[in-house]
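Topology and contacts: notes
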Amino acid sequence: MEEKSLKQYAKEAKRRLKSGFWQNYRAEIEERKKKAVLEGIAISKVVEYCKQDCHNKIKTDVYALDDEDFYNRVKELLDTYGEVDDIIGRLVDESVFNDMPYDKRQKYMFDLSNRYLIALERYRKENALISIL
């Protein structure tokens, strides 16, 4: 796996600052805290979830533009079919995948599976919070 340079990390951080990422994050935490208080959920669990979600968003910054869309696709598949064995195959964008050389296909599948695992973790945590209600 290719390591990022300090310059790349700085560019990503600058992009997050310019896009208002941290302001949105702060507002989202405050909103979720208020909901948690109203619904009787432990605030510490909500804050911990938000921190992990933020970490995941930063970790997958290269996909920031379509990260929420990807999660929604995963969520829809999990709601419909559950955790099936061929979920990665169902998530593959065939139009992109078929035009790639072999080595790029491998990287694409590796990245896709990592994104799926992050989305699955988020899905499980959100469902756990919902079940508390």
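The structure we're discussing is the one just above.
Residues numbered from 1 in each chain as written. Predicted model: local features only at pLDDT ≥ 70, side-chain atom pairs only at ≥ 80, totals over all residues. Heavy atoms only, no water.

Quick word on the overall build of the protein
Scanning the protein for helices and strands turns up seven helices and zero strands. Listing every helix and strand of the protein by position from the N terminus yields α-α-α-α-α-α-α. When each of the 133 residues of the protein is scored for burial, the buried share is 31%. Partitioning the intrachain contacts of the protein with sequence separation of at least 6 by distance along the chain shows that 61% fall at a separation of at least 24. (Helix = DSSP H or I, 4+ residues; strand = E, 2+ residues; numbered from the N terminus. Buried < 20%, exposed > 50% of the residue type's maximum accessible area, 1.4 Å probe, protein only. Contact = heavy atoms within 4.5 Å.)

Some remarks on the pattern of salt bridges
Under the definition given, this model contains eight salt bridges. For E83, the salt bridge is made with R124, and the minimal N-O distance between the two is 2.8 Å. Residue E83 is found in the loop between α4 (67-81) and α5 (87-91), and its partner R124 is found in helix α7 (residues 102-132); the two are separated by 41 residues along the sequence. Judged by relative accessible area, which is 46%, R124 ranks as partly exposed. Across the salt bridge formed by R90 and D86, the nearest N and O atoms sit 3.0 Å from each other. Given the relative accessible area of 40%, D86 is considered partly exposed. (Salt bridge = Lys/Arg side-chain N within 4 Å of Asp/Glu carboxyl O.)

A look at helix α2 (residues 21-39)
Its 19 residues give α2 an end-to-end C-alpha distance of 27 Å, which sits within 8% of 27 Å, the value for a rise of 1.5 Å per residue. Considered for burial, the residues of α2 that qualify are F21, Y25, I29 and A36. Along the axis of α2, the buried residues cluster in a sector spanning 75°; they form a single face. Relative to its buried face, α2 has exposed residues pointing more than 90 degrees away, namely N24, R26, K34, V37 and L38. Two residues or fewer past α2, G40 is found with a positive phi of approximately 75°. (Expected span 1.5 Å × (residues − 1). Arc of directions from axis to C-beta.)

Things to note about the environment of F97
Inspection of the secondary structure assignment puts F97 in helix α6 (residues 94-97). Residue classification places F97 among the buried positions, given a relative accessible area of 16%. Separated by twelve residues in the primary sequence, F97 and M109 have C-alpha atoms spaced 9.0 Å apart. Leave out the neighbours within four places in its chain, and F97 touches V92, R105, Y108 and M109.

Examining the nonpolar core
Judged by nonpolar contacts, the single largest core of 17 residues is most densely connected at F70, V74, L78, I87, L91, L112 and Y116. At the level of secondary structure, the elements contributing two or more residues to this core comprise α4, α5 and α7. With six residues, the single largest contributor to this core is α7. If we ignore the near neighbours within four places in the chain, the residues touching F70 are L91, L112, R115, Y116 and A119. Grouped together as the second largest cluster of nonpolar side chains are ten residues, F21, I41, Y49 and C54 included. (Core = buried A, V, L, I, M, F, W, Y, C linked by side-chain atoms within 4.5 Å.)

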